[in-house]
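Here is what each chain is made of, one letter per residue.
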Amino acid sequence: MNIIILFLRSHIKKLFHQLTSYTRQALVLGAILSLCLVLSSCQKPAPQDTGVIHLTLWQSINPPTNRDVFQKLVNKFNQTHTDIKVESVYAEGLPKVLTAVVGNVPPDILTFYPQVTGQFVELGAIQPLDDWLEKSPVKSEVVPSLFEELRLDNQTWSIPLYTSNMGIFYRPDLFKAAGITELPKTWEELRQVAKKLTIDRNGDKRPEQYGMLLPLGKGEWTVFSWFPFLLGAGGEIVKDNQPDLMNKGAIAALQFWQDLIKDGSAKLSAPERGYEEDNFIAGKVAMQITGPWTYIMKSNVDFDVFPIPGEVEQATVTGTGNMFVMKTTPEREQAAFKFLEYVLSEEFQTEWSIGTGFLPVNIKSAQSQAFQEFISQKPVLKMFLEQVSVARARPIIAGYSRLSDSLGRAIEATLLGESPEKALKTAQERLDMIWSNNKNRTHG
């Protein structure tokens with residue numbers, strides 16, 4: 001065993017200095033995973049063949065209460081399918097997934113946002129689903145508009161686990177105390193409302209209550225939360241399949257977020273924790289950008305929701321979580337398809353949506369008596385259903401993760417004081433270099 005370790009260490013060190021930073025990290029991490037597998041296989045006896053196909057499913061479902069709902073549904077599948085056993089594992093973060101793919105130890109099924117589709121296709125990590133979907137009776141039950149986020153290069157690469165969109169949750173009691181009687185419908189109205197809701201009770205210039213929470217960080221949640229403002233300003237980030245950040249809409253959307261910070265009426269979240277609701281529930285912020293999956297829906301605080309105001313047009317962004325079948329073996333992939341068919345079913349979608357607050361992706365589920373009764377008890381969900389007509393997806397292009405990372409850096413820099421124009425210019429230059437290098441490697 002020591003000889004194996006020394007051999008791997010020696011060769012990894014030689015390769016490390018010859019490769020690009022991205023490839024170095026991926027190969028080293030992959031080697032570590034492979035080494036772990038070697039060590040593990042030397043220490044454990046091989047499992048007996050019982051005729052049961054064991055599948056590993058990685059998911060990063062939040063909050064934990066939604067994870068519990070998912071686990072109950074996985075357990076139900078396992079109980080009704082004696083030949084397949086699915087193990088659901090919480091695995092957060094794209095780097096972990098990429099490491100597993102490069103190390104040739106991917107999960108069988110992966111739940112992730114669909115904008116990573118292009119990166120997985122480039123790596124040859126996922127199976128196209130068209131052949132299976134065409135034969136599946138459940139395909140006709142899927143909400144047709146969702147297929148936009150499933151496809152790339154005329155192929156279907158994933159299925160939707162859930163869908164929804166973004167709105168602004170608010171505390172009616174705090175609005176009433178501030179004398180606010182009308183909900184904001186424009187950016188300027190939202191800015192003025194945020195000012196009125198910001199209160200410094202002891203005069204120390206550190207408000208005990210802020211108008212709104214804004215997510216700090218360069219991760220996807222920050223980009224996701226900012227996207228409705230980009231769309232509402234008529235902006236875009238992709239044109240002719242190329243990154244295009246230097247447009248009036250993108251600049252205006254960033255400027256608006258910075259204005260809220262300059263006004264002192266927005267509180268920044270902890271880095272990369274913009275989805276957390278603690279400040280809202282505690283009454284430290286009066287408004288928060290999120291969707292109906294939020295824990296706020298299950299809390300005891302008084303809350304309501306309104307559409308995100310637009311500057312040029314009314315818009316929001318779809319919040320979809322998709323499932324991918326990773327390339328493994330034909331036998332395991334066929335077993336994974338059975339689980340995906342279960343996920344798309346009316347039974348799963350009804351129980352999942354009622355338990356989490358997501359909107360069903362199955363038409364029969366959305367029309368079911370059980371879900372309609374649930375909607376009548378949760379009237380805020382009607383707003384999200386009504387917004388479906390103006391909800392748009394983030395781009396599905398190869399290289400989205402690199403685009404998102406650069407855009408996230410620009411948003412973070414703007415929130416910390418840099419001008420929107422400079423932040424976006426820096427991001428655009430970085431993306432131009434990445435796209436140019438990729439093009440040169442393709443034609444080289």
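Within every chain, residues take consecutive numbers counted from 1 along the sequence as written. Totals for whole chains, interfaces and linings use all residues, but because this is a predicted model, local features are given only for residues with pLDDT of at least 70 and pairs of side-chain atoms are given and counted only at 80 or more. Side-chain figures throughout are based on the complete set of non-hydrogen atoms in the structure, without hydrogens or water.

## With respect to the overall build of the chain
- Elements are defined by DSSP. Helices are runs of H or I of four residues or more, strands are runs of E of two residues or more, and each kind is numbered from the N terminus. Counting its secondary structure elements, the chain contains 18 helices and 16 strands.
- Exposure is judged per residue with a 1.4 Å probe applied to protein chains only, and the accessible area is read against the type maximum: over 50% gives exposed, under 20% gives buried, and values in between give partly exposed. Among the 444 residues that make up the chain, the fraction classed as buried is 50%.
- Only the protein chains shown count as cover for residues, with accessible areas throughout obtained via the Shrake-Rupley method and a probe of 1.4 Å. Accessible surface, the chain: about 21,200 Å² in total, of which carbon and sulfur atoms supply 53%.

## Topic: empty space enclosed by the protein
- A 1.4 Å probe that fits but cannot get out identifies a cavity on a 1 Å grid over protein atoms alone, an open set with protein on both sides within 12 Å along at least five of seven lines counts as a pocket, and a residue lines either if it has an atom within 4 Å of a point. Grid points are joined across faces, edges and corners, and a volume is the space filled by probe spheres set on the points. Following the criterion strictly, the structure yields one cavity of 30 Å³ or more and no others.
- Computed from the structure, the largest cavity encloses a volume of approximately 30 Å³.
- Lining the largest cavity are Leu213, Leu214, Pro215, Trp221, Ser225, Gly274, Gln288 and Ile289.
- The set of elements that each furnish at least two residues to the lining of the largest cavity consists of β8 (210-214), α9 (220-232) and β12 (285-290).
- Put simply, Ala, Val, Leu, Ile, Met, Phe, Trp, Tyr, Cys and Pro go in the nonpolar bin, Asp, Glu, Lys and Arg in the charged bin, and everything else, Gly too, in the polar bin. Per-class residue counts for the lining of the largest cavity are five nonpolar, three polar and no charged.

## Section: the packing of aromatic side chains
- Side-chain rings of Phe, Tyr and Trp, where Trp is taken by its six-membered ring, are said to pair if the distance between their centres is within 6.5 Å; with planes under 30 degrees apart they count as stacked, over 60 as edge-to-face, and otherwise as tilted. Tallied over the entire structure, the rule returns 27 aromatic pairs.
- Their ring planes at 20° and their centres at 5.7 Å tell us that Trp293 and Phe358 sit as a pair that is stacked. Taken as a pair, Trp293 in the loop between β12 and β13 (304-306) and Phe358 in the loop between α13 (346-356) and α14 (363-367) lie far apart in primary sequence, 65 residues in all.
- Connected via pairs of aromatic rings, a cluster forms that spans Phe70, Phe77, Tyr162, Trp221, Phe224, Tyr275, Trp293, Phe339, Tyr342, Phe348, Trp352 and Phe358.
- Seen from the ring of Tyr90, Arg67 lies directly overhead, with NZ or CZ sitting 3.8 Å from the centre. Whether a charge sits over a ring comes down to the Lys NZ or Arg CZ being within 6 Å of the ring centre and within 35 degrees of the ring normal.

## Considering the sheet that holds strand β2 (residues 84-90)
- The five strands lie next to each other as β2-β1-β3-β15-β6, forming an open sheet whose pairing is mixed. Sheet topology places β2 and β6 (159-162) at the edges, where each strand pairs with a single neighbour. Within the sheet, the average angular offset between the axes of one strand and its neighbour, ignoring direction, is 25°.
- In short, DSSP must find at least two bridges between two strands for them to pair. Where strand β1 (residues 53-59) meets β2, seven bridges bridge the pair, whose relative direction is parallel. In the sheet register, Leu55 faces β2, and the bridge partner there is Val86.
- Residues count as neighbours in contact if any of their non-hydrogen atoms are within 4.5 Å of one another. For helices, the fitted axis covers only the stretch in contact; all axes are lines through C-alpha atoms, and the angles between them, taken along N-to-C directions, range from 0 to 180 degrees. In the packing of helix α3 (residues 64-80) onto the sheet, the strands contacted are β1, β2, β6 and β15 (321-325), and the crossing angle to β2 comes to about 165°.

## Topic: the confidence of the model for the chain
- Values of pLDDT, which run from 0 to 100, indicate the predictor's confidence residue by residue. Confidence in the prediction of the chain, expressed as mean pLDDT, is 88, and 88% of residues score 70 or more.
- Note on residues 1-48: pLDDT is under 50 here. Beyond four places in sequence and across chains, it has 26 contacts.

## Brief notes about the pairing of β8
- Burial of β8 is extensive: five of the five residues sit out of reach of the surface.
- In this structure, β8 lies alongside β12, joined through three bridges in parallel fashion. The residue bridging Tyr210 from the neighbouring strand is Val285, located in β12.
- Examined bridge by bridge, β8 and strand β11 (residues 266-268) share three bridges and lie parallel to one another. Paired with Leu214 across the two strands is Leu268, which belongs to β11.

## With respect to α3
- Multiplying one less than the number of residues by 1.5 Å gives the expected span of a helix. If you check α3, its first and last C-alpha atoms are 25 Å apart, about what 17 residues at 1.5 Å a residue would give, namely 24 Å.
- Within α3 the residues assigned to the buried category are Asn66, Val69, Phe70, Leu73, Val74, Phe77 and Asn78.
- Packing partners of the buried residues in α3 comprise β1, β2, β6, β15, α12 (330-344) and α13.

## As for the nonpolar core
- Of all hydrophobic cores here, the largest spans 91 residues; its most connected members are Phe70, Met287, Met323, Phe339 and Trp352.
- Apart from the residues within four sequence positions on either side, Phe70 is in contact with Leu57, Gln59, Ile61, Ser88, Leu161, Met323, Phe339, Phe348 and Trp352.
- Among the nonpolar cores identified, the runner-up in size contains 18 residues, and Trp58, Leu110, Val116 and Ile396 belong to it. Buried residues of nine kinds, namely Ala, Val, Leu, Ile, Met, Phe, Trp, Tyr and Cys, make up a nonpolar core once their side-chain atoms join them within 4.5 Å.

## Section: the side chain of Asn78
- Tracing the sequence through the fold places Asn78 in helix α3.
- Given a relative accessible area of 16%, Asn78 falls into the buried group.
- What qualifies as a polar contact is a pair of N or O atoms within 3.5 Å, subject to a donor-acceptor requirement within protein and to the restriction that residues adjacent in sequence count only when both atoms come from side chains. One polar contact links the side chain of Asn78 to the main-chain amide nitrogen of Val86, over a distance of 2.8 Å.
- Look past the residues within four positions of Asn78 in its chain and what remains in contact with it is Ile84, Lys85 and Val86.

## Observations regarding the pattern of salt bridges
- Salt bridges are counted wherever a side-chain nitrogen of Lys or Arg sits within 4 Å of a carboxyl oxygen of Asp or Glu. Tallied over the entire structure, the rule returns 17 salt bridges.
- One salt bridge in this structure joins Lys218 and Glu412, with 4.0 Å as the shortest N-O distance. With a gap of 194 residues between them, Lys218 in the loop between β8 and α9 and Glu412 in helix α17 (residues 400-415) connect regions that are remote in the sequence.
- Accessibility expressed as a relative area gives 31% for Lys218, which makes it partly exposed.
- Of the residues examined, Glu412 reaches a relative accessible area of 18% and is grouped as buried.

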